[in-house]
Amino acid sequence: MNERRLVPSSDIDPCLKNHALMAVVPTSVSFAPTDSTATLHDQDPIRRRRTATSLDNAVSQPSLDRGALAEQSPSLLIIDDDPGIVQVLGRMLAGLGHLRFALSSSDALRLAREDAPDVVLVDAEMPGINGFEFCAQMKIDPYLAEVPVIFITSHGDVENEVAGFSAGAADFIRKPPTAEVVVARVRTQLRLKALSDALRRAALVDGLTGIANRRRFDEQLQTECDRSMRSGDPLSLLMIDVDHFKRYNDHYGHPAGDSCLRAVASAIQGLPNRPADQVARYGGEEFAMLLPDTELAGAAHLAQRVVETVAALRIVHEGSPLNLVVTVSVGVATAHSHVDGANIPASAQALLGAADQALYAAKAAGRGRSLTYAAPTLTDELAGPTCRA
Ligand SMILES: [Mg+2]
């Protein structure tokens, strides 16, 4: 049976007609080659993201912002070399989320890598990269590995299903698809995906302050050190410690101490303003701020703002000799991949060690201030490191 006949084009609502049209655009199999696919890959990453976003908007609901869509509704990616099946599935799933389509695995991989979907429905039998190979490629991509993949297949034999599950399939749907079955299976996968996303997020968030936890920070630090080694860009780190915090806890009690840490976290997490910057609770009353592609001067400026912002909270601390309010000390260090005698290498251990030395120096100098780490140069190596304001 030719599934294209399941839904005559005259029955397709105007919105789905747009979907079908846009599904054709990124594919060059049986249509005149278009620029859209090539363009997505030839542009720089920021422009690529913008292009993909505008494409997504055009595909789904032009009146809604893509960012809002991502928060409000899940994202579904449907892949089948038969546009008729794409239309049928699009119609069935229209109410479940933000829909995107592709007529080939290669186009689908491009769309998925631009913006990871929450669930994928893929035809098992396709020319070029078939559904099994497509699924296997998703599972080896860290960005897409957690996305559930549902196979659509006209072969219901055991071997086929075993091959699908070994490629990483989450479920199977038989052709011709039935609306109730498709919706139920997709809903189940979306529910499981939402649950696993929430668990993953919770595992990386500090329970007390709601900012990144130590585990997340350690992962990010390693990633950014590796990136800095490759790119040669500087990488800066601020270690931030609440002054006399034990005295604060002893005097006001632990619930007040928790409130104090939440207030400090909330105040400093908004200071860096680039997406790659990260503020984390490092442990106890210590916070860390990781600033990729930031020179020492920029990091020192931000450290001073951290000191001033926390003091400006005016959290009363009768046990503190510093104006009787809660203050922080900050140690700053910057790593460069091009190591010479005066630089810190971009390794997690070296950067943490240097920022810690600067933090201890700031404590020793009277607290409530920031100091930067200056590595010994080749000529004064014997003098050892110094820290300066
Ligand atoms: Mg097919």
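Just so we're clear, the structure is a prediction, and the values are computed from it rather than from any experiment. (Residues numbered from 1 in each chain as written. Predicted model: local features only at pLDDT ≥ 70, side-chain atom pairs only at ≥ 80, totals over all residues.)

1. Thoughts on the overall build of the chain
Right, so step 1: Regarding its fold elements, the chain presents 14 helices and eleven strands.
Right, so step 2: Counting over 389 residues, the chain shows a buried share of 37%.
Right, so step 3: Within the chain, residue pairs in contact and separated by at least 24 positions form 65% of the contacts whose partners lie at least 6 positions apart. (Helix = DSSP H or I, 4+ residues; strand = E, 2+ residues; numbered from the N terminus. Buried ≥ 20, exposed ≤ 12 C-beta atoms within 10 Å, placed from the backbone. Contact = placed C-beta atoms within 7 Å.)

2. Observations regarding the confidence of the model for the chain
Right, so step 1: Scored by pLDDT, the chain comes out at a mean of 80, with 77% of its residues at no less than 70.
Right, so step 2: Segment residues 1–70 is flagged for pLDDT under 50; beyond a separation of four residues in sequence, or across chains, it makes 85 contacts in the model. (pLDDT = per-residue confidence, 0-100.)

3. Brief notes about the nonpolar core
Right, so step 1: With 51 residues, the main nonpolar core has L238, V306, V330, V332, A333, A355 and A358 as its most contacted residues.
Right, so step 2: Counting 34 residues, the second-largest nonpolar core is a separate cluster that includes L76, A108, A124 and I150. (Core = buried A, V, L, I, M, F, W, Y, C linked by C-beta atoms within 7 Å.)

4. Digging into unusual backbone geometry
Right, so step 1: Cis geometry is found at the peptide bond from K175 to P176, where omega equals -5 degrees.
Right, so step 2: Tracing the backbone through its elements, the reader meets P176 in the loop between β5 (171–174) and α9 (179–202).
Right, so step 3: Of note, R367 is a non-glycine position whose phi angle comes to about 65 degrees, a positive value.
Right, so step 4: Take R367: it is sitting in the loop between α14 (348–364) and β10 (370–374).
Right, so step 5: Residue class for R367 comes out partly exposed when judged on the 18 C-beta atoms lying within 10 Å of it.

5. Some points on the sheet that holds strand β4 (residues 149–153)
Right, so step 1: Spatially, the five strands line up as an open sheet ordered β2-β1-β3-β4-β5, and their pairing is parallel. The sheet terminates laterally at β2 (98–102) and β5, the two strands that pair on one side only. In this sheet, neighbouring strand axes are inclined to one another by 20 degrees on average, regardless of whether the strands run parallel or antiparallel.
Right, so step 2: When β4 meets β5, the two strands line up parallel, connected through four bridges. Pairing of F151 across the sheet is with F172, part of β5.
Right, so step 3: On top of the sheet, α9 reaches β3 (119–123), β4 and β5; it is set at about 165 degrees to β5, its chief contact. (Pairing = 2+ DSSP bridges. Axes fitted to C-alpha atoms, helices over the stretch in contact; angles between N-to-C directions.)

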